[in-house]
Structures are given as structure tokens and as C-alpha cells.
Amino acid sequence: MNRIVWCAAAFAVAAMPAYGQDADVSKLREELRQLQQRLQALEQRLQETESRSSKAEESATRAESTATQAAQQAASRPQTENALNPGISAILNGVYSNLQRDPNTYHISGFAPTLGDVSPGRRGLSLGESELGFMANVDHMFRGNLIASISPDNSTIDIEEGYIQTIGLSNGFTIKAGRFFSSIGYQNAIHAHAWDFTDAPLVMKAFLGGQLNEDGVQFKWVAPTSLYFDVGLELGRGRAFPASDRNKNGFGSSNLFTHLGGDIGESFAWQGGLSLYATSPRDRAYTDLDSTGASVTDSFSGSSRTWALSGILKWAPEGNNTYNNFKLQGEYFRRRENGTLTYDTTAASLGTMAGGYSSRQSGWYAQGVYQFMPMWRAGYRYDTLNSGTTTLGLVDSGALTAADFPILGAYNPKRHTLMVDWSPSEFSRVRLQFARDYSRMGLADNQIFLQYIVSLGAHGAHTF
Amino acid sequence: MKFLFLVLALAAPLAAQATVNVFACEPEWAALAQELGGDKVTTVSATTARQDPHHIEARPSLIARIRNADLLVCSGSELEIGWLPLLLTQSGNDRVQPGRPGYLEASQYVVKLEIPKVIDRALGDVHPAGNPHIHLDPRNIRKVADVLSARLTEIDHANAAYYAGRTADFVKRWDAAIDRWREQAAALRGVPVVVYHKDFSYFENWAGMREAGSLEPRPGLPPTPSHLAELVDQMMRTPAKVIVYSPYNNPGAAQFLSDKTKIPSVMLPFTVGGTDRAKDLFGLFDDTIDRLLKTVK
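Residue positions are given per chain, counted from 1 along the sequence in the order it is written. Chain letters and ligand numbers both follow the written order, the letters beginning at A and the numbers at 1. Thresholds applied to this predicted model are a pLDDT of at least 70 for local features of residues and 80 or more for the giving and counting of side-chain atom pairs; totals over whole chains, interfaces and linings are not thresholded and use all residues.

**Considerations on the overall build of chain A**
Then, in step 1: When you go through chain A residue by residue, the secondary structure sums to four helices and 18 strands.
Then, in step 2: Looking at the 464 residues of chain A, the share that counts as buried comes to 34%.
Then, in step 3: Contact definition: two residues whose C-beta atoms, as placed from backbone geometry, lie within 7 Å. Once local pairs closer than 6 in sequence are excluded, the contacts in chain A between residues at least 24 apart make up 62%. By the criteria applied, helices consist of DSSP H or I runs no shorter than four residues and strands consist of E runs no shorter than two, each listed in order from the N terminus. Partly exposed residues are those whose C-beta has more than 12 but fewer than 20 other C-beta atoms within 10 Å; 20 or more makes a residue buried and 12 or fewer makes it exposed, with C-beta atoms placed from the backbone.

**Re the overall build of chain B**
Then, in step 1: The number of helices and strands found in chain B is 10 helices and eight strands.
Then, in step 2: Our radius of gyration is a C-alpha quantity, and the globule rule it is checked against amounts to 2.2 Å times the number of residues to the power 0.38. At 20 Å, chain B has a C-alpha radius of gyration in line with the 19 Å of a compact globule built from 297 residues.
Then, in step 3: Each of the three principal axes of chain B carries a C-alpha extent, and together these read 65 × 45 × 35 Å.
Then, in step 4: The burial tally for chain B puts 52% of its 297 residues in the buried class.
Then, in step 5: Counting only contacts in chain B whose residues sit at least 6 apart along the sequence, the fraction spanning at least 24 positions is 62%.

**Points about the interface of chain B and chain A**
Then, in step 1: Tallying the contact residues gives 39 residues for chain B and 45 residues for chain A.
Then, in step 2: Of all elements in the fold, only helix 1 (2-16), helix 3 (60-67) and helix 4 (84-91) of chain B reach the threshold of two or more residues within the side of chain B that touches chain A.
Then, in step 3: Each residue belonging to the side of chain B that touches chain A can be placed in one class, and the counts come to 17 nonpolar, 13 polar and nine charged. For this classification, Asp, Glu, Lys and Arg are treated as charged, while Ala, Val, Leu, Ile, Met, Phe, Trp, Tyr, Cys and Pro are nonpolar and the rest, including Gly, are polar.

**Digging into the domain arrangement of chain B**
All names here are of chain B.
Then, in step 1: The split into domains, and so the bounds of each, comes from an automatic or database assignment of domains. The domain architecture assigned to chain B consists of domain 1 (16-180) and domain 2 (185-296).
Then, in step 2: Here the C-alpha centre of domain 2 lies 24 Å away from the C-alpha centre of domain 1.
Then, in step 3: Between domain 1 and domain 2, the contact holds 29 residues from the first and 24 residues from the second.
Then, in step 4: If you list the elements that add at least two residues to the side of domain 1 that touches domain 2, you get helix 2 (27-37) and helix 5 (138-155).

**Topic: the sheet that holds strand 2 (residues 41-45) of chain B**
Residue and element names in this part refer to chain B.
Then, in step 1: Should DSSP find at least two bridges between two strands, the strands are taken to pair. Ordered in space as 2-1-3-4, the four strands form an open sheet in which the pairing is parallel. In this open sheet, the two edge strands, each paired with only one partner strand, are strand 2 and strand 4 (103-105). Here the average twist between neighbouring strands, direction ignored, is 20 degrees. Between the N-to-C directions of two axes lies an angle of 0 to 180 degrees, each axis being a line fitted to C-alpha atoms and, for a helix, fitted only over the stretch in contact.

**A short note on helix 5 of chain B**
All names here are of chain B.
Then, in step 1: Along its 18 residues, helix 5 runs 26 Å from first to last C-alpha, staying within 8% of the 26 Å computed at 1.5 Å per residue.
Then, in step 2: Of the residues making up helix 5, those classed as buried are Pro138, Asn140, Ile141, Val144, Ala145, Leu148, Ser149, Arg151 and Leu152. Considered in projection along helix 5, the buried side chains sweep an arc of 165 degrees and stay on one side of the axis. Expected helix span is given by 1.5 Å per residue-to-residue step, counting one fewer step than there are residues. The directions from the helix axis to the C-beta atoms form the arc being described.

**Remarks on the sheet that holds strand 7 (residues 242-245) of chain B**
Residue and element names in this part refer to chain B.
Then, in step 1: Strand order in the open sheet formed by four strands is 6-5-7-8, and the pairing between neighbours is parallel. Looking at the sheet topology across the chains shown, the edges are occupied by strand 6 (210-214) and strand 8 (265-267). The mean angle between the axes of side-by-side strands here comes to 30 degrees, regardless of whether they run parallel or antiparallel.
Then, in step 2: Where strand 5 (residues 192-195) and strand 7 come together, two bridges link them in parallel fashion. Each bridged residue has a counterpart across the sheet, and for valine 193 the counterpart in strand 7 is valine 242.
Then, in step 3: Packed onto the sheet, helix 9 (residues 251-261) meets strand 5, strand 7 and strand 8 and runs at close to 175 degrees relative to strand 7.

**A word on the nonpolar core**
Then, in step 1: By size, the foremost hydrophobic cluster in this structure holds 89 residues, and its most contacted members are Val22, Leu32, Ala33 and Val73 of chain B.
Then, in step 2: Each of domain 1 (16-180) and domain 2 (185-296) of chain B gives at least three residues to this core.
Then, in step 3: With sequence-adjacent residues up to four places away left out, valine 22 of chain B is seen in contact with Ala30, Ala33, Gly37, Val41, Thr42, Thr43, Ala69, Leu71 and Val73 of chain B.
Then, in step 4: The nonpolar core criterion groups buried Ala, Val, Leu, Ile, Met, Phe, Trp, Tyr and Cys residues into a set whenever they are joined through C-beta atoms within 7 Å. If you look at the next biggest cluster of nonpolar residues, it comprises 31 residues, including Ala200, Val203, Tyr277 and Leu400 of chain A.

**Digging into the pairing of strand 11 (residues 284-289) of chain A**
Where a strand is regular, its side chains alternate between the two sheet faces.
Residues and elements named next belong to chain A.
Then, in step 1: Bridge count between strand 11 and strand 12 (residues 295-315): six bridges; the pairing is antiparallel. Residue pairing for strand 12: aspartate 288 is matched across the bridge by valine 296.
Then, in step 2: Counting the residues in the hairpin turn of strand 11 and strand 12 gives five residues, including glycine 293, whose phi is positive at 90 degrees.

**Points about unusual backbone geometry**
Excluding glycine, most residues fall at negative phi; most peptide bonds, likewise, are trans.
Then, in step 1: Note the cis peptide between phenylalanine 241 of chain A and proline 242 of chain A, where omega equals 5 degrees.
Then, in step 2: Checked against the element boundaries, proline 242 of chain A lands in the loop between strand 8 (228-236) and strand 9 (253-264).
Then, in step 3: You will see that glutamate 78 of chain B, though not glycine, has its phi angle at about 70 degrees, which is positive.
Then, in step 4: Residue classification places glutamate 78 of chain B among the partly exposed positions, given that 19 C-beta atoms sit within 10 Å.
Then, in step 5: Non-glycine residue glutamate 114 of chain B carries a positive phi angle of around 55 degrees.
Then, in step 6: Within the fold, glutamate 114 of chain B resides in the loop between strand 4 and helix 5.
Then, in step 7: Of the residues examined, glutamate 114 of chain B has 15 C-beta atoms within 10 Å and is grouped as partly exposed.

Here it is as C-alpha cells:
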């Protein structure tokens, strides 16, 4: 304000006609200019002081709020020793099953029974397996993970996974030891609660006895490339199908695997995998009905090699999967077994006999799951198996007939599955699934599942 | 075998790089690392402004990037809990594991807002350690800049002077910008705002805006018709002046509320790359404030 007045005055003075002497006027002007300058300097100082004081005020307020918040944050920090408790998670699931055929007679025709958990479950309402998990970093070198599943019917606790994993190694190496889901194919390594369908693909049921968890060691190396590339080796005891727990030192199974993966633009991500699982089962037994109608125990000894090829493609517009996304997944399994098949090991029918055995079997599935709006997804899966060629020495030599090994008879099972699920949050899911299953020779089985899966507590990240 | 050689050949150029590889979980931290590290760092962001940092697939490409990272900069406070821990354990890279100099959780170095008193998932996707979206308070960027600069120096001593110089320059420009933004944002003080997700709280706190509601019924859950109807009622009684959403939010809900209540809605860049103008951190705040001022007027 003052400045304007002074300026006006100065202007007026400057513009005034020279009444007096020029010298006087110029002196006056000079004084006026000096005054003006002083005033400007003063004004500037005043402004600076003002802004400084407002800044000080603001920083005081800030300090105050910081102090309050610091106190609040300190108070919110747990002070007790349970601050170091591991993360605990529980997965609950329940299912209503409507099965056209008796699940107790479930088998996959053309394929040796795996003794694994492959049946579609119970009819009616049932509590699924509850999972209890503990996970934490052990120290700077290891991370520990224990996941137990509690079976509701016989109240047994089964360790699904219990392993330690290095976090302190460099150059892309990780080592896992303990019991873990084997990296065969893609879905085997993923916990059932994170599957997109209620049950496992037929290839997992026929070739891995459901889901294969191995006691062993896994070495993995991730290459320092911008394209994801890993190679790994698992050495295990061979505790379950397709191995047979052999009571021997050393290793009972090995699995060599590799993955490649990357992005295509912002919207697509993919991963491909190849694995070779090898084992040499001894006296791997199963029961069958022979030509006389007697229940006999047959067993296989020899070598078993399973190749698994898998591919995943995920799409989300610009990588934002919140509203829409699509996941395409497929796996191809191929198994070759050579060795000896012993008929009727307990001599319950026609007497114990042994002969050569060789089989080449394969199968694949492909599934697509589309999230068409937030919370809602729908999916379709097609499964098929090829019982391939099985050569039985006992049949070729005429000692027995193919009717003595009905379960090994040629048959190509297949299944169509449709599902729709609703996830009100990332911790809960309700799913309705319908399947027409041709696992049993000549019999279609219509299966309806209504299932919930919820997750309590710490919730680990999901693999790609 | 041939394939393996091909892979190793691809690997060679990466190994030859002498720069510090910075893996940022969000674009704002990649931008900050680039400001401070200049040509001595190579930055990559795991997410873009069009992606919700809560929900990212633990893609193979991200594992490959963390495998080669020297420094990881993330918001932390469990924002990335759905994907980052998995990437870390799969990467086989000890340099960036929690507790190492190569692991930086930005939110640990600022005062966090909205630390919940009650932690229950019935309340939605709450973050027990407080709101992790700290970067929209320019003073927080300033604090993280100091920490990030110190980490770069720790990891790459040889270029300590270079980082110090760039940091001093950045801080000078940033402080000047904060003063400018404070003046511009004065008009936003007390303005009631409806947000989509609670990812705007730090800006509100800095600019003195008042949050009048959120389109999400609970943090992390998508808007529902019943909640939107309630919000319309609420806005009829006590109207807000602006509805804001991020590039990764569906504009539908904001548009709906805007149509029903005649309260203008505006998409804010949220992070670097969110709009054409938000090319860097300066542009992010320039554009955020400009868009708000234009809408509120």
C-alpha cells in the first residue's frame, strides 16, 4: 500500500514542472528514491519474517502432530514376545457334493490305481480338509513353512508341506528341504485352496495320485536374464505314487524341472514349464478283479518316468486384474513305465505269476477362467487321458488273459467341467461346479459341487 | 544345450552393467531413484499407474527383475504383501532381502496416517501398520529422498559424491516446489472430497482437504450399489466439492455419483505416469493440484 502511495508521490514529483532550481528538484528526487528503496527493503524483510514465522508455526504444528502420532505408533507396536510369533493361517473349506455314481467305486479306467486321494469325495455335505499353516523367517538364512491338513473324518493330521527354504543365498540359488509339493507340471505345486476348480485335473489324479508332496531337497537356480528362466532338481525319498517307499538309503525319486516366463506387453504374462520325474518303484501294489471275479493284489517293479509340460497365459487389461482378467492353463503328462508286473502276490486266486510290463500313457487338460466382473469368475476345463499301449508279458505268453487285468484295459477317460465362483474379498470364495466325468469305462458321472473356501489370518502370496 | 548358451548369452549384457539396479514396487519410487541416481542407476517399476499396487500377479518377469536388483524400494506397510514376499523368496537374491541395505520400505521413514485401532478383516483390507500410500504428501518424498540417497551411497560408495550432488540439487528444487505447491494448494484447504480408495489421505492431510466419504464401502472392496445409494443421500445432505479417483480405478462409480449429485469428479494421476503431465514427481504434484483447482473452482 505504502509503496503505491510513494510511487504516486514520486511520479507526481517527477512529473511536476520544474518550478524551482533543477538541482533542488534532482536532490528531492534522489531523496525520494532512497526513501523508496529503504521502504522496499523494509517491506521485504517484513515479508520474510512473516513467512518465517508462519513456517515456524507450521513446523510447530507438524512437530506436535508428529509427536502425537509417534506416541500412537509406538503404542501400536506389540511389546511382548509374541511379536516374533510366526504368521499363522487357517484355511477352512466345506463342500456339498451331488454325485451320480458312488464315489467309493471311483477309479480311472485304463490306469493303474494310485492309492492316492483321487475320488470326488463324499456325497452330501462334508467338511473339506482344513489347513493350518505357520510361516516365518527363521533367521537371515532360512524361512520356515509348515502346512498341516486336518482330515475331518478320521481326525488325522497330515503334513502337506513342512520345509525350510534359504533366503540368504545369492546369485539366484534357493534350496528347499523337507516336505514340499513337487514342481511337476504347474498345478501340483499349488495348494488346493488356490486352485480354480474344486478338484484336481485328471492328469494329476492318474499320474501323481492326486497331489504329490515329496520328502526331499530341492535346488533351484534363477538365471540372471531379463527373460525368466530357472532350472531345478529335486531329490526325494519317493514316498508316494508313482514311487513306492522303498526302505533304502540314497534317493528314491528325482525331478528335474525348468521354467521360462515373461511378459508380452503390459497385458499378458506367460510361463512355460517342463519337468521329468524319475523313480524306480518296487512292489508298487494295487488291487484288481481278475477273470474269476476274485479280488487280487498285483504289483509293479521297474522304472517310471513322467514328463510334464505346462503352459500358463494370463491376461489383464494393462495389467490391471481388478475388473477383468483371463487365465489360460494347460498341462500335458506323459509316462513310461518298464519292468515286471506280478499277478496275485498273495496267491488268492490263480497263483502268483510274474511277467514283463511296459506302458506308455499320456493325458492333458486345458482350462480357461475369466473374471467377467469384480468378484465373479467363470471357467471351463477339458480333461482327457490316453491309456496308450500297455504290454503285459503274462498276457502275451498266454499264461493269463487281458480279462485278468481289467483295470489296465485300454480306455481314454475324459471330463468336462464348468464352474462359476464368487469372491466377496480375496479371503473368501464360494464356488459352484458342474462336471460330467467319464473316468470310469462306459459310465458317465454327473458331479455337482457347491463349495466355500475361506482363509483366516496371515495369507501368503499366491504364485503366478 | 544350445538353448542354455542362448540364455547365458542373454545374461552377459546384464552382468556387464555397472549401474545400480533399482527395483521399485511403484512408479513414484522409480522416479525418485532416477532423480537421485541419474545415469548411475537403472530403474524399473513393478507396477504402472494403471495397476492397483495391492493386486499384482507375482509374474515370472518380476522374479527375473528382483533376481538382478541391487536395491528394492517399495512403499511397504503391507501394501505389497500379496506378491512381494513371494518374489523375494523366489529370487535367490540376498542383497534385497528385508534387513539388508538393498531393502528399503519407504513408509518406515515417514509418519503414517490411519493406523487402525481395531484390526479386523470385517472392516475390509485394512493395513495394520497404517495407510501405506504415503507418496502424495510431498514432504514424505523429501524424507524418503534422504534415505534413498543414503542407501545408494551405501551400495555404491564409489559414486557417493555424485549421489550427494544430485540429492542436494533435487532437494533444493523440491523444497522450492513445495513452497509453490503450498501457495497453490491454499485454495484447497478445508475442501471436502470423496475418494475412491483411501489412497489419497496423505495429500488430503498435506493440503488440509477433508475426506467426506469413499466410493469403496470398505477399503479394498469394490463399490456396491447400496453403498453408492447411501453416498448419494449423504452428499445430498452435506455435499462434497469434488470426487477423485485414480487411473487404476473404474471411473464408473465416480461418474455415477457425480451424475446423481452434480459434484464434479476428476481423475488424478495418483503416481508418476498416471497422466501425460505426470512424467516425473514434479509433474505428478503440478498436475494433481492443477486438476483439483480446476475442478473445485
